[in-house]
Amino acid sequence: MQAAWGTPSRFRQAGPGHCRIGILALPGWSARPLDPRQAGCRPAGRRDPDDRRELIDIANYYRQDRCGRMVVRIQVCIIGGGPSGLLLAQLLDLQGIETVVLERRSRAHVLGRIRAGVLEWGSVELLRKAGVGDRMDAEGFAHEGIYLAAQNRGFRIDFNALTGHRVMVYGQTEVTRDLYDARDRAGGRVLHGVEGVALHGVDGSDPHVTFTHDGTEKRIDCDFIAGCDGFHGPSRRAIPASVLREFERVYPFGWLGVLSETPPVADELIYANHARGFALCSMRNANLSRYYLQVPADETAGTWSDDAFWDELRRRIPGDAAETLVTGPAIEKSIAPLRSYVAEPMRWGRLLLVGDAAHIVPPTGAKGLNLAFSDVHYLHEALTRYYLGDDAGIEGYSGRALARVWKAERFSWSMTTMLHRFADQGSFGQRIQEAELAYLEGSAAAQTALAENYVGLPF
Ligand SMILES: Cc1cc2nc3c(=O)[nH]c(=O)nc-3n(C[C@H](O)[C@H](O)[C@H](O)COP(=O)(O)OP(=O)(O)OC[C@H]3O[C@@H](n4cnc5c(N)ncnc54)[C@H](O)[C@@H]3O)c2cc1C
């Protein structure tokens, strides 16, 4: 059956003697942290979300310990100002839990990273709950399905009909911008350009983070450290090798991605299996398209001219889509390696890993950003319970998050395996992939399973 490709018109609309925290260095203060619940430092529970006074300057937050020494501390120190760190800060703020976010890069750099583009509906609702859904609702595109194709012919999976749910196409850059704007409005503290971030005492009751900012060495004492610093950040490495278990699969190919200011070729994403390799037609908005080609792992983006990219894309996608493809100059061209990775546990003492710091998925199932957000959901709930006097959420965080992580890992792996060309698969493997796609095309049960995973399993 030939797919009826929708048209773009269907788019809708311290060191010793000094306790330094944040920008202040306070001579003579010790940095011994308190348990705020025992010391009564901080009223637990909700605060009027409009009352930002206590967040304006984190150095205001200090108390005397039992020995009369001044203690400066923050409740949750978040390492990493990517989407997971910012969303966690935003949700905790709404619960009256104060945070500081430490980000290695400039804000412009973080906002310039072209990455994910598809939000599960659970992510959409979480962003709304965090008070950052307005622009997404106005400018994002709700998609009710995807197209799958094999050997230039395709069919559609109707998420809405099969599950009653949709996904939202709204770029990670836009999500991140909305979160930064919200942190600004709330007077939230995000320190950019921090260097040498190091975690200390995470397996005890006195965790703290040291770093250099604006040429000054600083230290933040906290109740918890949230490691939201991506795959290459320092947080996961703070867990001893004797404790950390790592599970990994590295795929022998990558995705060559092109962003172009052209109308998308279809109203929904096209995932194409082809003997020459996988291709994906995605988008960001009505005049911004994102296309990908499977390429060997050692390929470099610079060896691909724009014309070579478009020619290869046309070969791999269904013929009627190829005929209507509008091409233009690539405004961004890069290669992303594909990897499946999980680190266990996601909690070590008072360190809690979130998002890419703990797990990576190949982007085939559009799960990376969404998994980061489900971690944030579990963690903000756990921390909220903690400050209401209940430790169970923190203790159960790793198990709860990992249960969902592994299901998303399985789905991302299965989509990758079904759609990509593997060097050793031979003609047998190709026929198996084609049979799997044919089965999907004819089976409502198989389509429902795919749709349920793609729109996102419940948090
Ligand atoms: C090239 C690429 C393409 C992708 N495409 C897709 C896609 O199409 N679909 C999809 O679903 N997912 C995609 N992903 C995955 C998705 O972008 C991630 O899952 C998502 O960004 C995870 O968010 P995060 O906040 O956990 O981590 P990150 O976005 O990695 O943020 C971590 C932050 O921590 C900061 N940091 C790192 N080290 C330090 C340090 N020492 N000190 C302070 N800060 C530090 C980093 O600068 C960064 O800002 C892609 C990822 C990459 C790399």
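Residues numbered from 1 in each chain as written. Predicted model: local features only at pLDDT ≥ 70, side-chain atom pairs only at ≥ 80, totals over all residues.

1. Description of the site of the ligand
Short version of the rule: Using a C-beta atom placed from the backbone, a residue is described as near a molecule or strand when that atom lies within 6 Å of it. Numbering goes from the N terminus for both helices and strands, where a helix is a DSSP run of H or I of at least four residues and a strand is a run of E of at least two.
Taken together, 33 residues lie near the ligand, and G80, G82, G230, G355 and G368 sit nearest. Listing elements by their share of the shell around the ligand, those giving two or more residues are α3 (83-94), β6 (99-103) and α11 (368-387).

2. Regarding unusual backbone geometry
Of note, the bond from E344 into P345 is cis; its omega dihedral lies within 30 degrees of zero at -5 degrees. Note on placement: P345 falls in the loop between β20 (330-344) and β21 (347-348). Within the chain, D214 stands out as a residue other than glycine whose phi angle is a positive 50 degrees. With respect to the helices and strands, D214 occurs in the loop between β14 (208-213) and β15 (216-227). Positive phi, normally seen in glycine, also occurs at A366, with a value near 55 degrees.

3. With respect to the confidence of the model for the protein
In plain terms, the rule: A score between 0 and 100, pLDDT records how confident the predictor is in each residue. Working definition of a contact: two residues with C-beta atoms, positioned from the backbone, lying within 7 Å.
Averaged over all residues, the pLDDT of the protein equals 87, while 84% of them reach at least 70. Confidence over residues 1-65 falls short of pLDDT 50; this stretch has 126 contacts with residues more than four positions distant or in other chains.

4. Observations regarding the packing of α11 against helix α12 (residues 392-419)
Applicable threshold: Whenever a helix is involved, its axis is fitted only over the stretch in contact; in every case the axis is a line through C-alpha atoms, and angles between N-to-C directions fall within 0 to 180 degrees. The scheme is simple: roughly parallel for angles under 35 degrees, roughly antiparallel for over 145, roughly perpendicular for 65 to 115, oblique for anything else. For a crossing to be left-handed, the near helix must be turned anticlockwise from the far one by less than a right angle; the clockwise case is right-handed. Three classes are used: nonpolar for Ala, Val, Leu, Ile, Met, Phe, Trp, Tyr, Cys and Pro, charged for Asp, Glu, Lys and Arg, and polar for all others, with Gly counted as polar.
For the pair α11 and α12, interaxial distance at closest approach is 9 Å and the crossing angle is 165 degrees. Taken as axis vectors, α11 and α12 run roughly antiparallel relative to one another. Note on packing geometry: the crossing formed by α11 with α12 is right-handed. Together, L371, S374, D375, Y378, L379, E381, A382, R385 and Y386 of α11 and A392, G393, I394, Y397, R400, A401, R404, V405 and A408 of α12 make up the contact between the two elements. Within the contact of α11 with α12, the residues separate by chemical class into 11 nonpolar, 2 polar and 5 charged.

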